[in-house]
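Coordinates in review
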Amino acid sequence: MKALLLVDIQNGFCPGGNLAVADGDAVVPVANALIEKGGYGVVAASQDWHPEGHGSFASAHPGKEPFTMGELSGKPQMMWPDHCVQDTADAAFHPDLNLAAIDFVQRKGENPKIDSYSAFRDNDHDAVTGLDAYLKQQGVTTLDIVGLALDFCVKFTALDAREMLPGVTVRLILDGCRGISEEGVEQALAEMREAGVAIIDLKTAIGS
């Protein structure tokens, strides 16, 4: 069975959001087209869901500016602007996304002491979210991934899918993603290809 995973298609990562990705809202029509025409048995979505004062926020570290490196739980951590705070409009899914089609929502980033880029587990790999168990339970054999941002949450989600879902074909739909930096996107695509993630486009996904 084919499943579609929508990674963090939230207001916070779209234009006007607190951690906006350039052209981020362009992934929404691609996601909706996949939902409508992709023949997926399951549509899942991850949702960044941070408590106020999360440790990855620059504002939680006096003197730290967003987009500089800091430390969290003894490890290097990119300091982000406050974003996707629980129960705020910034954390809500993009209003144009076909929310009615989503079967399962996996929230992440709720532990203030550790960030969670991946929809499958935290950055320390100490705690899993439960998404892998859900997809295994559904009998998923192919997992297509779209969302934001390609060089962070999408990349780590795809890499973890390869590792944590043995035997499942993992495909990244490139035109359904946007990244933060050009260099970061190129590096992320190289890492994903090396790990065995197939890089395809919307047309291929719908036709397969």
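Quick look at the structure, then. Small disclaimer: the values here were computed from a predicted structure and weren't measured.

1. Some words on the layout of surface pockets
Volume-wise, the largest pocket comes out at about 170 Å³. Contributing elements (two or more residues each) for the lining of the largest pocket: strand E3 (69-72) and strand E4 (75-78). Here the residues of the lining of the largest pocket sort into seven nonpolar, two polar and two charged.

2. So, the packing of aromatic side chains
Inspection of every chain in the model, using the stated rule, returns six aromatic pairs. Plain terms: the ring middles of Phe67 and Trp80 are 5.9 Å apart, the flat faces sit at 90° to each other, and that makes the pair edge-to-face. One end of the pair, Phe67, is in the loop between strand E2 (42-48) and E3; the other, Trp80, is in the loop between E4 and strand E5 (104-108), with 13 residues separating them in the sequence. One aromatic cluster in this structure is built from Phe67, Trp80, Tyr117, Phe152 and Phe156. Over the face of the ring belonging to Tyr40 we find Lys2, whose NZ or CZ atom lies 4.8 Å from the ring centre.

3. Looking at the environment of Ile180
Mapped onto the fold, Ile180 is located in the loop between strand E7 (169-178) and helix H4 (182-195). By relative accessible area, which is 42% here, Ile180 ends up partly exposed. Separated by 98 residues in the primary sequence, Ile180 and Asp82 have C-alpha atoms spaced 16 Å apart. When neighbours within four sequence positions are excluded, Ile180 is seen to be in contact with Val21, Trp80, Ala149, Asp151 and Phe152.

4. Remarks on empty space enclosed by the protein
Under the counting rule described, the total for this entry stands at one cavity of 30 Å³ or more. Of the volumes computed, that of the largest cavity is approximately 130 Å³. What lines the largest cavity is a set of 16 residues, and nearest its centre among them are Phe13, Leu19, Trp80, Phe152 and Cys153. When its residues are assigned to classes, the lining of the largest cavity shows ten nonpolar, three polar and three charged.

5. Description of the sheet that holds strand E6 (residues 142-148)
Here six strands make up an open sheet; going across it, the order is E5-E2-E1-E6-E7-E8 and the pairing parallel. At either margin of the open sheet sits one strand with a lone partner, and together these are E5 and strand E8 (198-200). Neighbour-to-neighbour, the strand axes of the sheet open up by a mean angle of 25°, direction not taken into account. Note: E2 against E5, five bridges, orientation parallel. What sits directly across from Asp48, in E5, is Lys108. Sitting on the sheet, helix H1 (residues 27-37) touches strand E1 (2-7), E2, E6 and E7, and the angle it makes with E7 is about 140°.

6. Quick look at the nonpolar core
Leu6 and Leu143 are the most contacted members of the largest nonpolar core, which totals 62 residues. Residues within four places of Leu6 in sequence aside, it is in contact with Ala31, Ile35, Val43, Ala44, Ala45, Ser46, Leu97, Ile102 and Val146.

7. Digging into the side chain of His83
Looking at the secondary structure, you find His83 in the loop between E4 and E5. Looking at His83, its side chain comes within polar contact range of the side chain of His50, at 3.3 Å. Here His83 is in contact with Phe13, Asn18, Leu19, Asp48, His50, Phe57 and Asp90, once residues within four sequence places are set aside.

8. A closer look at the pairing of E2
In terms of burial, E2 is a largely internal element, seven of the seven residues being buried. Side chains of E2 alternate between two faces, with Val42, Ala44, Ser46 and Asp48 and Val43, Ala45 and Gln47 buried alike. Two strands pair when backbone bridges link them, and E1 and E2 are joined in this way by five bridges, in the parallel orientation. Paired with Val7 across the strands is Ser46, a residue of E2. After leaving E1, the chain enters H1 and then returns to the sheet as E2, a path that is right-handed.

Here is what the cut-offs are and how they apply
- Residues numbered from 1 in each chain as written.
- Predicted model: local features only at pLDDT ≥ 70, side-chain atom pairs only at ≥ 80, totals over all residues.
- Heavy atoms only, no water.
- 1 Å grid on protein atoms, 1.4 Å probe; cavity = no way out; pocket = protein on both sides within 12 Å on 5 of 7 lines; lining within 4 Å.
- Points joined across faces, edges and corners; volume = space filled by probe spheres on them.
- Helix = DSSP H or I, 4+ residues; strand = E, 2+ residues; numbered from the N terminus.
- Nonpolar A, V, L, I, M, F, W, Y, C, P; charged D, E, K, R; others polar.
- Phe/Tyr/Trp six-rings, centres within 6.5 Å; stacked < 30°, edge-to-face > 60°.
- Lys NZ or Arg CZ within 6 Å of the ring centre and 35° of its normal.
- Buried < 20%, exposed > 50% of the residue type's maximum accessible area, 1.4 Å probe, protein only.
- Contact = heavy atoms within 4.5 Å.
- Pairing = 2+ DSSP bridges.
- Axes fitted to C-alpha atoms, helices over the stretch in contact; angles between N-to-C directions.
- Core = buried A, V, L, I, M, F, W, Y, C linked by side-chain atoms within 4.5 Å.
- Polar contact = N/O pair within 3.5 Å; in protein donor to acceptor, adjacent residues only side chain to side chain.
- Right-handed = clockwise from strand over helix to strand, strands pointing away.

Just geometry here; none of it tells us what the structure is for.
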